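# Observations on the model geometry
Next come the chains, spelled out residue by residue.
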Amino acid sequence: MKARLFLCPVLFFCFSCKKNYACVCTNPGGTDTAFTTNAKRSQAEKECAAYYNENIAPIPWNETYCAIN
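Note that this is a predicted model, so its numbers are computed, not measured.

Counted according to the given criterion, the structure contains 2 disulfides. Across the disulfide, Cys23 is cross-linked to Cys48 (sulfur-sulfur distance 2.0 Å). With the S-S dihedral at roughly 65 degrees, the linkage between Cys23 and Cys48 falls on the right-handed side. In this pair, Cys23 is assigned in strand E1 (residues 19–27) and Cys48 in helix H2 (residues 41–56), connecting sequence segments 25 residues apart. As far as the burial class goes, Cys23 and Cys48 line up, both buried. Linked covalently through their sulfurs, Cys25 and Cys66 form a disulfide whose S-S length is 2.0 Å. Given an S-S torsion of about 105 degrees, the disulfide between Cys25 and Cys66 has right-handed geometry. With a gap of 41 residues between them, Cys25 in strand E1 and Cys66 in strand E3 (residues 65–68) connect regions that are remote in the sequence. Classification of Cys66 as buried rests on a relative accessible area of 18%. Listing the disulfide partners of the protein by sequence rank of the bonded cysteines yields 1-3, 2-4.

Structure below.
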């Protein structure tokens, strides 16, 4: 019981911290870092998805994707 009470705040703190994340896009030509951001992981994923939708998605490459590293 005491372990749970200790771990809950620790886990919450770890998942709510801002960190540096890189949005990395891969296509048949190679891999490139689109941008880096200092944000929570969920926000960084949203920014990376928005970048993909605005800049990459119109290109007709079916093997192209962007993800957070």
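Once the structure has been displayed, the description carries forward.
Taken together, 3 strands build an open sheet; the order of strands is E2-E1-E3 and the sheet is antiparallel. Every interior strand has two partners, whereas the edge strands, strand E2 (30–39) and E3, have only one. Adjacent strand axes in the sheet meet at a mean angle of 20 degrees, parallel and antiparallel pairs treated alike. Direction of pairing for E1 relative to E2: antiparallel, over a ladder of 9 bridges. Residue pairing in the sheet places Val24 in a bridge with Thr33 of E2. The strands touched by H2 are E1, E2 and E3; relative to E3, the strand with the most contacts, the crossing angle is about 165 degrees.

As a further point, take the pattern of salt bridges. Applying the stated criterion across every chain yields a total of 1 salt bridge. Among the ionic pairs, Arg41 bridges to Glu45, the shortest N-O distance being 3.1 Å. Of the two residues, Arg41 and Glu45 are both situated in helix H2; the distance of 4 residues between them amounts to about one turn of the helix.

Rules used throughout
- Residues numbered from 1 in each chain as written.
- Predicted model: local features only at pLDDT ≥ 70, side-chain atom pairs only at ≥ 80, totals over all residues.
- Heavy atoms only, no water.
- Disulfide = S-S within 2.5 Å.
- Helix = DSSP H or I, 4+ residues; strand = E, 2+ residues; numbered from the N terminus.
- Buried < 20%, exposed > 50% of the residue type's maximum accessible area, 1.4 Å probe, protein only.
- Pairing = 2+ DSSP bridges.
- Axes fitted to C-alpha atoms, helices over the stretch in contact; angles between N-to-C directions.
- Contact = heavy atoms within 4.5 Å.
- Salt bridge = Lys/Arg side-chain N within 4 Å of Asp/Glu carboxyl O.

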